[in-house]
Protein chains: 2
Amino acid sequence: MDRRRIVALSGGVGGAKLALGLSRVLAASELTVIANTADDFEHLGLYIAPDLDTVMYTLAGINNAAQGWGLADESWQCMAALERLGGDSWFRLGDRDIATHLLRSQLLAQGDSLTGVTARLCRALGVEHRLLPMCDAKVDTWVMTDQGELPFQHYFVREQCRPVASGFRFAGIEQARISTAVQQAIDDMDALVVCPSNPFVSVAPILAVPGMRQALLASGKPRIVVSPIIGGQAVKGPAAKMLAELSLPVNALAVASHYRDFASHFVLDSADTCYQSAIEALGLQVLVCNTLMQTLDDRITLASRVLSQVGQD
Amino acid sequence: MDRRRIVALSGGVGGAKLALGLSRVLAASELTVIANTADDFEHLGLYIAPDLDTVMYTLAGINNAAQGWGLADESWQCMAALERLGGDSWFRLGDRDIATHLLRSQLLAQGDSLTGVTARLCRALGVEHRLLPMCDAKVDTWVMTDQGELPFQHYFVREQCRPVASGFRFAGIEQARISTAVQQAIDDMDALVVCPSNPFVSVAPILAVPGMRQALLASGKPRIVVSPIIGGQAVKGPAAKMLAELSLPVNALAVASHYRDFASHFVLDSADTCYQSAIEALGLQVLVCNTLMQTLDDRITLASRVLSQVGQD
């Protein structure tokens, strides 16, 4: 295939790793990453888009890889001063990161769309591949827990995922619309890659944008899901804990089952070959390979393997 | 006099110096500083109160004395990142300073008054003397110039006072009210000190709050103006340039004339004794002393000299 147009769906860290790998294999015109924005929230008066920023910083090569979020070589003077003043400091914002939030908040307040602001920020940071928010409307993930319903970042950051989750709600999703840019990417795509992101709170909100799931299915193009569960564990984040709390088996088969009506292909880690036949029995084509991305080479290798599925039906 | 209750009116740097001197001579219960807020503005979505913060940081002992504004030991990572992103960086906000603006903006958005927010910030920073904004309403100084009417910070910071000023306007001042806290301070005061701040853009807006000038006059207490002009020059800021552009003589006599219907006392620098009799002829009592405050001792000495006028009528 001369030119492959790939759409990738991504949450934060795990998704961003594969998005980076894809960006090293695909030309700028060949890749569109659509990021979850349902965990965006307003904090200290700033509009903060954690997944969008994680992908943006990762593609720009300025992310803090060790920490998993935020910028490399970050400083924390503002947070220290805010703590001294008695302000909210449970959500850690680095000094340089704050610039992103200040500018985005200002541009949104001026009436720019999140899609437009993201394009501007990416351009300033030298990100050449296309990064799009899943929609321009404000959608808020709420987590139903044993401590009541919690806004996502309170559950995720403040409570460090300790509450027992029983369900999720994407408030405002009914008002969301597929943007022109997202529609264009779907219309043009040769395959969809669902990055190894949390199925419940990262990928589900993207697919819940009215018309999104249907448009991706209607494309008739390969929809390749990369398992975020390896050997019964999530590489990062609460995906495994959520599976258990939702009374689902904590393994790649449960993830494949979750996507059975949506995916055409499933990328299974070499550690999980025991589930291959069961996943194939769900009607999915299975690719077995190493999916653990520790190095940049791992990211690029996995991206290449995933793309090898495109056009092989 | 056992206990002296002093109200001081202050703009930024020059006023803050004398406010600091007063705070070293007076007990916490004896001093209320009322700061100009007509140069407050919204920038990058943040509510910024330059004069209030200069006084607050100075009283807290954390101001950048060399620079004249902002915090000591400040870092500038956020501004550097904002510049990289192509955001507005003409108004320099330090990383730690931004914490003040974030928290204040958040509290104001939650419905707190500027008076309440200022009290909270001062408490957190260990400022024991009372600091009050001139009012809780949003007032905006506009400078009429040869380049058109400019918002104050655009004139002051972005254009570095280069445009020729012909007048000033305090938009929104009609809606301003004397706050309960300011009224209480005026009711209780034994004397008013007008710090060596710009008469046109720092002190004038405070006196323009409806009822303020009248209440201070009606108190019948000494109203002591400390000259911001020494030897025909302003120690800092555009006061001298403004006098010239308004076709007024650039000297302490012109300042005294400006306050002739308001002040009872005028503190004249030792360099300006040539104006003493002319100022006395305006009906003002004149105190001659060194008014240039280079060291902390200078600030304390001047404060003591100014206070020596209280109760000597």
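Residues numbered from 1 in each chain as written. Chains lettered and ligands numbered in written order. Predicted model: local features only at pLDDT ≥ 70, side-chain atom pairs only at ≥ 80, totals over all residues. Heavy atoms only, no water.

Novice: Pulling in residues and values, what's your account of the pattern of salt bridges?
Specialist: Residues and elements named next belong to chain B. In the structure shown here, the tally under the stated rule is 12 salt bridges over all chains. Glu-149 is the partner of Arg-169 in a salt bridge, and the nearest nitrogen-oxygen pair spans 2.7 Å. One end of the pair, Arg-169, is in strand E8 (residues 165-171); the other, Glu-149, is in strand E7 (residues 148-151), with 20 residues separating them in the sequence. For Arg-169, a relative accessible area of 37% puts it in the partly exposed group. For the salt bridge of Glu-245 with Lys-241, the shortest nitrogen-to-oxygen distance reads 2.6 Å. Here Glu-245 pairs with Lys-241, and both are found in helix H10 (residues 239-245), just four residues apart, close to one helical turn. (Salt bridge = Lys/Arg side-chain N within 4 Å of Asp/Glu carboxyl O. Helix = DSSP H or I, 4+ residues; strand = E, 2+ residues; numbered from the N terminus. Buried < 20%, exposed > 50% of the residue type's maximum accessible area, 1.4 Å probe, protein only.)

Novice: Can you tell me about helix H3 (residues 77-84) of chain A, naming the residues and giving the values?
Specialist: Among the residues of H3(A), those classed as buried are A:Cys78, A:Met79, A:Ala81 and A:Leu82. Considered in projection along H3(A), the buried side chains sweep an arc of 165° and stay on one side of the axis. Against the buried residues of H3(A) lie helix H4 (95-109) of chain A together with helix H4 (95-109) of chain B. One or two positions beyond H3(A), positive phi appears at A:Gly86, with a value near 85°. (Arc of directions from axis to C-beta. Contact = heavy atoms within 4.5 Å.)

Novice: So, the packing of aromatic side chains: which residues are in play, and what are the values?
Specialist: Tallied over the entire structure, the rule returns 14 aromatic pairs over all chains. With a centroid separation of 5.0 Å and an interplanar angle of 20°, the aromatic rings of B:Phe152 and B:Phe156 are classed as stacked. Placement of the pair is B:Phe152 and B:Phe156 together in helix H6 (residues 152-158), with a separation of four residues, close to one helical turn. Classification of B:Phe152 by relative accessible area gives buried; the value is 6%. Taken together through their ring pairs, the aromatic side chains of A:Phe41, A:Trp90 and A:Phe91 make up a single cluster. Over the ring of A:Phe262 we find A:Arg223; its NZ or CZ atom is 5.9 Å from the centre of that ring. (Phe/Tyr/Trp six-rings, centres within 6.5 Å; stacked < 30°, edge-to-face > 60°. Lys NZ or Arg CZ within 6 Å of the ring centre and 35° of its normal.)

Novice: I'd like a description of the nonpolar core, backed by residues and values.
Specialist: Membership of the largest hydrophobic core comes to 115 residues, with the highest contact counts inside it found for A:Leu18, A:Leu22, B:Leu18 and B:Leu22. With sequence-adjacent residues up to four places away left out, B:Leu22 is seen in contact with B:Ala8, B:Leu31, B:Val193, B:Ala303 and B:Leu307. The next biggest cluster of nonpolar side chains, apart from the first, holds 55 residues, and it includes A:Ile34, A:Leu192, A:Ala215 and A:Val286. (Core = buried A, V, L, I, M, F, W, Y, C linked by side-chain atoms within 4.5 Å.)

Novice: Give a detailed account of the relation of the copies chain B and chain A, specifying residues and quantitative values.
Specialist: Least-squares fitting of chain B to chain A yields an RMSD of 0.0 Å, with the superposition described by an axial translation of 0.0 Å and a rotation of 180°. Taken together, the rotation and translation relating the two chain copies correspond to the operation of a two-fold axis. Taking C-alpha positions as the reference, the residue of chain B nearest the rotation axis is B:Asp95, at 3.1 Å. A share of 100% of interface residues in chain B that are also interface residues in chain A marks the association as one of identical surfaces. (Least-squares fit on C-alpha atoms with pLDDT ≥ 70 in both.)

Novice: Mind laying out helix H5 (residues 114-124) of chain A, listing which residues take part and the relevant values?
Specialist: All names here are of chain A. Within the sequence span of H5, burial applies to Leu-114, Thr-115, Val-117, Thr-118, Leu-121 and Cys-122. With its buried residues spanning 165° around the axis, H5 presents them on a single face. Where H5 is buried, its residues meet strand E4 (46-48), helix H2 (50-60), H4, strand E5 (130-133) and helix H7 (180-188). Positive backbone phi, at 75°, marks Gly-126, one or two positions downstream of H5.

Novice: Residues and numbers for the sheet that holds E8(B), please.
Specialist: Residue and element names in this part refer to chain B. Within the open sheet, the three strands sit side by side as E7-E6-E8. Their pairing is antiparallel. Two strands lie at the open edges of the sheet, namely E7 and E8, each paired on one side alone. The sheet shows a mean angle of 25° between the axes of neighbouring strands, taken without regard to direction. Across six bridges, strand E6 (residues 140-145) lies against E8 in antiparallel orientation. Opposite Val-143, over in E8, you have Phe-168 as the bridge partner. Relative to the sheet, helix H8 (residues 199-208) contacts E6 and E8, its axis offset from that of E8 by approximately 35°. (Pairing = 2+ DSSP bridges. Axes fitted to C-alpha atoms, helices over the stretch in contact; angles between N-to-C directions.)

Novice: Could you give me a rundown of the state of the cysteines, with the residues and numbers involved?
Specialist: For the structure on display, the rule yields zero disulfides over all chains. A:Cys289 provides the cysteine sulfur closest to A:Cys274, a residue in no disulfide bond, and the two sulfurs are 15 Å apart. On the accessibility criterion, A:Cys274 (55% relative accessible area) is exposed. No disulfide involves B:Cys122; its nearest neighbouring cysteine sulfur is the one of B:Cys195, lying 15 Å away. (Disulfide = S-S within 2.5 Å.)

Novice: Summarise the interface of chain B and chain A; cite the residues concerned and give the values.
Specialist: One frequent convention defines the size of an interface as the accessible area lost when the parts assemble. Across the contact, 25 residues belong to chain B and 25 residues belong to chain A. In total, chain B and chain A occlude about 2,300 Å² of area from one another, counting both sides; carbon and sulfur atoms represent 67% of this. Of all residues in chain B, B:Arg84, B:Leu85 and B:Leu102 give up the largest surface area on contact with chain A, accounting jointly for 28% of the area buried on that side. For the interface between chain B and chain A, the tally reads zero salt bridges. At the junction of chain B and chain A, the tally comes to two residue pairs in polar contact (both at pLDDT 80 or more). Broken down by element, the residue count for the side of chain B that touches chain A peaks at eight residues, all from H4(B). Across the side of chain B that touches chain A, the residue classes break down as 14 nonpolar, six polar and five charged. (Buried area = accessible area lost by both parts, 1.4 Å probe. Polar contact = N/O pair within 3.5 Å; in protein donor to acceptor, adjacent residues only side chain to side chain. Nonpolar A, V, L, I, M, F, W, Y, C, P; charged D, E, K, R; others polar.)

Without other data, these values stay purely geometric and don't point to any function.
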